[in-house]
Amino acid sequence: MNTLQAFRENIPNLQENILLAPHTYIKIGGPAKYFVQTGTVQELENAVRAAQQLEIPFRVLGGGANVLISDKGYDGLIIRNITTDDQFSGTSVTVSAGYNLTKLADDAAKRGLSGLEFAFGIPG
């Protein structure tokens, strides 16, 4: 079984040679050899495990802010983490790593919570 077949078994929505520029805040970056968007923690874990087992270099990308990607691209797997899990409990909140900061500030404000006003408009 080749690497791509093994990847596809563990990562059904795996894509190849995907331009990274549209996934970064400043719209720069060449293609990733492999690319996947993960919307759940389980998908993120599966992608990381598959890359580790196959010894393929990988990087996790969130909203693409504060990152510069070479026009040459990335010769490995880019995992775009877009998980949006949240748990509000009283005045506490726990969110997944892919949660948008502006959305978090808005969701907190809608629940009458303050302290994240500074986060409105921060790309990340």
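Read on for an overview of the structure.

Quick notes on the rules
Residue numbers restart at each chain and count upward from 1, following the sequence in its written direction. Given that this is a predicted model, residues contribute local features only at a pLDDT of at least 70 and side-chain atom pairs are listed and counted only at 80 or more, while totals for whole chains, interfaces and linings are drawn from all residues. As a rule here, side-chain values cover all heavy atoms of the structure and leave hydrogens and water aside. To qualify as a helix, a DSSP run of H or I must reach at least 4 residues; to qualify as a strand, a run of E must reach at least 2; elements of each kind are numbered from the N terminus. Burial classes follow relative accessibility: with a 1.4 Å probe on protein chains only, a residue under 20% of its type's maximum area counts as buried, one over 50% as exposed, and anything between as partly exposed. Residues adjacent in sequence count toward polar contacts only when both atoms are side-chain atoms; beyond that, a polar contact is any pair of N or O atoms within 3.5 Å, and within protein one must be able to donate a hydrogen and the other to accept it. In this description, contact between two residues means that some pair of their heavy atoms is separated by no more than 4.5 Å.

**Regarding unusual backbone geometry**
And step 1. We note that Asn17 has phi near 50°; this positive angle belongs to a residue other than glycine.
And step 2. Among the secondary structure elements, Asn17 is positioned in strand β1 (residues 15–19).
And step 3. Residues other than glycine seldom take positive phi values, yet Asn66 does so here, at roughly 60°.
And step 4. Following the sequence through the fold, Asn66 ends up in the loop between β3 (58–61) and β4 (74–81).
And step 5. For Asn66, a relative accessible area of 83% corresponds to the exposed category.

**A few points about the side chain of Thr83**
And step 1. By the secondary structure assignment, Thr83 is in the loop between β4 and β5 (86–89).
And step 2. Residue Thr83 is classed as buried on the basis of its relative accessible area, which comes to 2%.
And step 3. Within the structure, the side chain of Thr83 is placed 2.9 Å from the side chain of Asn81, a separation counted as a polar contact.
And step 4. Once residues within four sequence positions are removed from consideration, Thr83 is found in contact with Thr38, Gly39, Thr40, Val41, Ser96, Ala97, Gly98 and Tyr99.

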